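# Notes for the structure review
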Amino acid sequence: MRDPEDAPESIEPLTGDVVRCDACPVLCRIRRGQAGACDRYANEDGRLVRVDPLLILERGAKAVRFYEQGKPWDGTLVAPFVTGVGATTTYPDYKPAPFIVASRAEGVDMVTVVTEGIFSYCGLKLKIDTDRFLGPEQAAVRMAGEQVGHVTTAEYGSQMLSLGGVRHLTGGSKKEGNVTCEALLQLANKEAVELAIDGGSTLRVQAGAPPVVNGAREERMRVGCGSATIGIFARQWHGHADEVIVVDDHITGVLTEHQAGRFLDMRPAGIRVRGRKSTPGRYFKVAEPGLGWGGTDITDPLSIVDRVDPKTAWPGMRLLMVSTTGEDAEWFVLDEALKPQKAPMPEAVSKVVQRIAENCEPALCSVLFMGGAGGSLRAGVTENPVRLTHSVKELITRVTCGGAPVYVWPGGGITVMVDVLRMPERSFGYVPTPALVLPIEFTLPLAAYQAMGGHMDRVVSLEAALRRAQFKAQGWRAENPWPVAK
Ligand code: SF4
C-alpha cells in the first residue's frame, strides 16, 4: 500500500507522456505505461484507463467472458446488471456517477446509478464463531503492531471485533492509517489476516473460513450456553446420568438444580459448583475466560466443583461433565468418600455427547463491511442529494454493493452494511488518502429518478454504457435477490 506523498507519480510534471488522474484527491500524475498510487488507474498510451474491467452480472450465465472496449457487443448478454466493480470513481462527486444505465423490469422503466465510492467513514464488523477467549472487551486489536480496531461485545457463541473506522484510518499516525487500510482491504477482499489482541490471543481470520486462535483451528460453534445445552439434552440424559454439569464461560448449567431437571423429577445431587448463582441450575463466572473447557481457563473440570454435600450426594452417583461443544467430556462415579472418580463413559451417555457435537455448526469468520454512503456520493446520483436519502429510506431506491444486498441502518444518512462473501471476488480497492473503495449501485424506477432531480441527461442504454468500457461478464450469485424490480 503506497503513501500519497511517496508516490513518484504525484510529483511528475504534466507532459505529453503524463496523464493526471482526478478520481480521488491524490491527483496522481501517471507516466506512460505506469499505474497510479492505488494501482486502479494507469496510463495506457497516453490515456487514463481503469485497470480492472467493469463487472457485469448475468442471471443464468455460467462462463466468464471478457469484452474489449469499443468492440461491437454481440448482444448475447442475458439479463445483465452493471455493478460498481471497475466502474471508476468521480469523488468527491462534482460530476455525475460514471454509469447511469436504463433498463426495464416488469414493464417499468428503471435506472441503475453505478459508481465506486470512496469511504473513510468505514470499517468491518467481524463475527468469529468461538467461545475461546480472544481478549478483554475494548482491548486493542493489532496488525503488524498497529491498532486497527478493538474487541467489542460478545454475541451468542461468537466473539465480535470492530475494525477500522475513521479514527484509525485518518485520526492516528500515518502508519496506523495505512496498516488499518491494508487490514480492511485484505479482509474485505476475502483474504486471511493475522491479528493480535492486547492481553489476549493471536488470530488468523478470513471471511468464510474457520478462525485460528493461538495456532489452533476452531472446528465447532457451541450448541448453546450451558443452560441451553441442559434444556436441549436433559431428557436424553435422564436415566443414564444422575448429574450433568455443562461447563460454559457464560452460564454453566447443573441439571438436577435446573428447571429441566426439576421437570423430570430428578433427585438433587448435592454437587455445588463455584461461581455466582443466577437462577436455579445456572451459574455465572465458574472460572476465568480462557482457551479451556467451554471458553473458560479450566482443563480439569473438577476444579469448578466447590464441594459435594454429604447429606444429599451418595456413593455410586454418576456424574457427566461436558463442554458446550462436546469437545471436552469426562465421566465420573462418586466413591464411598463421595469423591468423583474417573470411569469409562457408558455408550448411552457418549451418544448424547456426540449429539452435542453433531448439533454444533462449523465455526466460521463472518466479515461485514459498514460504511456511510450519505455524503458527496449522492451528488453523483442527483442534484438534490437528500432526496436520494429519502428514497432509500422509503424503499423506492434499492442499494446494492457489487450486486449484493445491503442492510441500510435506520436514522439519518445512508449507512450500509454488506456481507463481503456475497460480493464478487476482489470487489474492494483503496486510495492512499487512506480510504477504501466500494462498488455501489442505486436502482429505482426512472420516473422516481426524474422526480428526485436525477442526472437525466446522463441516462444511457446498456448498449451505450458498455460501448464505453472494457468489461467482464459473469454469472449472478443465486443467493442474492435480483435488484432490478419495480
Ligand atoms: S490514487 Fe488512484 S484514484 Fe487517486 S488519483 Fe491516484 S490513480 Fe487516481
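In case you missed it, the structure is sitting above this.
As the structure is a prediction and not an experimental result, all values here were calculated from the model.

In total, this model carries 24 salt bridges according to the counting rule given. A salt bridge links Arg-222 to Asp-248; the shortest N-O distance between them is 3.2 Å. Of the two residues, Arg-222 is situated in the loop between strand 17 (216-217) and helix 3 (226-237) and Asp-248 in the loop between strand 18 (243-247) and strand 19 (252-254); the sequence distance between them amounts to 26 residues. Overall, Arg-222 belongs to the buried group, its relative accessible area being 9%. For Asp-248, a relative accessible area of 1% puts it in the buried group. A salt bridge links Glu-479 to Arg-477; its shortest N-O distance comes to 3.1 Å. Given the relative accessible area of 43%, Glu-479 is considered partly exposed.

Strand direction decides the pairing type here: strand 27 (residues 365-372) and strand 31 (residues 415-419), joined by five bridges, are antiparallel. If you follow Met-370 over to strand 31, its bridge partner there is Met-417. When strand 30 (residues 407-408) meets strand 31, the two strands line up antiparallel, connected through two bridges. Each bridged residue has a counterpart across the sheet, and for Val-408 the counterpart in strand 31 is Val-416. Between the end of strand 30 and the start of strand 31, which pair antiparallel, lie six residues, with Gly-411 showing a positive phi angle near 85 degrees.

So, about the pairing of strand 15 (residues 202-205). Alternating residues of strand 15 divide into Leu-203 and Val-205, all buried, and Thr-202 and Arg-204, none buried. Of the pairings in the sheet, the one linking strand 14 (residues 193-197) to strand 15 comprises four bridges and is antiparallel in character. Pairing of Leu-195 across the sheet is with Leu-203, part of strand 15. The hairpin formed by strand 14 and strand 15 contains four residues between the paired strands, and Gly-199 there has a positive phi angle of roughly 70 degrees. Relative to strand 16 (residues 212-213), strand 15 runs antiparallel, the two sharing two bridges. The residue of strand 16 that forms the bridge with Leu-203 is Val-213. Hairpin connection, strand 15 to strand 16: the antiparallel pair is bridged by six residues, and Gly-208 has positive phi, about 80 degrees.

Let us look at helix 3. Its 12 residues give helix 3 an end-to-end C-alpha distance of only 15 Å, which falls more than 12% under 16 Å, the value for a rise of 1.5 Å per residue. Buried within helix 3 we find Gly-226, Ser-227, Thr-229, Ile-230, Phe-233, Ala-234 and Trp-237. Each buried residue of helix 3 sits inside an arc of 150 degrees when the element is viewed along its axis, so together they form one side. Of the residues one or two after helix 3, Gly-239 is the one with positive phi, at around 90 degrees.

Below, the discussion takes up the site of the ligand. The immediate surroundings of the ligand are formed by Cys-21, Ala-23, Cys-24, Leu-27, Cys-28, Gly-36, Ala-37, Cys-38, Arg-40, Tyr-41 and Pro-432. Split by residue class, the shell around the ligand holds nine nonpolar, one polar and one charged.

Topologically, Ser-227 is positioned in helix 3. Excluding residues that lie within four positions of it along the chain, Ser-227 makes contacts with Ile-251, Gly-253, His-258 and Arg-282.

The next thing to look at is the packing of aromatic side chains. Throughout the structure, instances matching the rule amount to seven aromatic pairs. Residues Phe-81 and Trp-476 carry aromatic rings whose centres are separated by 5.9 Å and whose planes lie at 80 degrees to one another, so their mutual orientation is edge-to-face. Placement of the pair is Phe-81 in strand 7 (residues 80-82) and Trp-476 in the segment after strand 34 (471-475), with a sequence separation of 395 residues. Like Phe-81, the residue Trp-476 is buried in the burial classification. Seen from their ring centres, Tyr-407 and Trp-409 are 6.2 Å apart, and the 70 degrees between their planes marks the pair as edge-to-face. Taking relative accessible area as the criterion, Trp-409 reaches 36% and is therefore assigned partly exposed. Over the aromatic face of Tyr-41 sits the side chain of Arg-50, whose NZ or CZ is 5.9 Å from the ring centroid. The aromatic ring of Trp-314 is capped on one face by Arg-267, whose charged end is 3.7 Å from the ring centroid.

All right, on to the nonpolar core then. Where a protein is soluble and globular, its nonpolar side chains tend to be buried together. Among the nonpolar cores identified, the biggest contains 58 residues, and Leu-161, Leu-163, Leu-195 and Phe-369 are the most heavily contacted of them. With seven residues, helix 2 (residues 174-188) is the largest single contributor of residues to this core. When sequence neighbours within four positions are dropped, the list of residues in contact with Leu-161 reads Leu-124, Lys-125, Leu-126, Ile-128, Val-141, His-150, Val-151, Thr-152, Leu-195, Ile-197 and Leu-203. Among the nonpolar cores identified, the runner-up in size contains 21 residues, and Ala-269, Ile-271, Tyr-283 and Trp-293 belong to it.

Criteria and cut-off values
Residues numbered from 1 in each chain as written. Predicted model: local features only at pLDDT ≥ 70, side-chain atom pairs only at ≥ 80, totals over all residues. Heavy atoms only, no water. Salt bridge = Lys/Arg side-chain N within 4 Å of Asp/Glu carboxyl O. Helix = DSSP H or I, 4+ residues; strand = E, 2+ residues; numbered from the N terminus. Buried < 20%, exposed > 50% of the residue type's maximum accessible area, 1.4 Å probe, protein only. Pairing = 2+ DSSP bridges. Expected span 1.5 Å × (residues − 1). Arc of directions from axis to C-beta. Near = heavy atom within 4 Å. Nonpolar A, V, L, I, M, F, W, Y, C, P; charged D, E, K, R; others polar. Contact = heavy atoms within 4.5 Å. Phe/Tyr/Trp six-rings, centres within 6.5 Å; stacked < 30°, edge-to-face > 60°. Lys NZ or Arg CZ within 6 Å of the ring centre and 35° of its normal. Core = buried A, V, L, I, M, F, W, Y, C linked by side-chain atoms within 4.5 Å.

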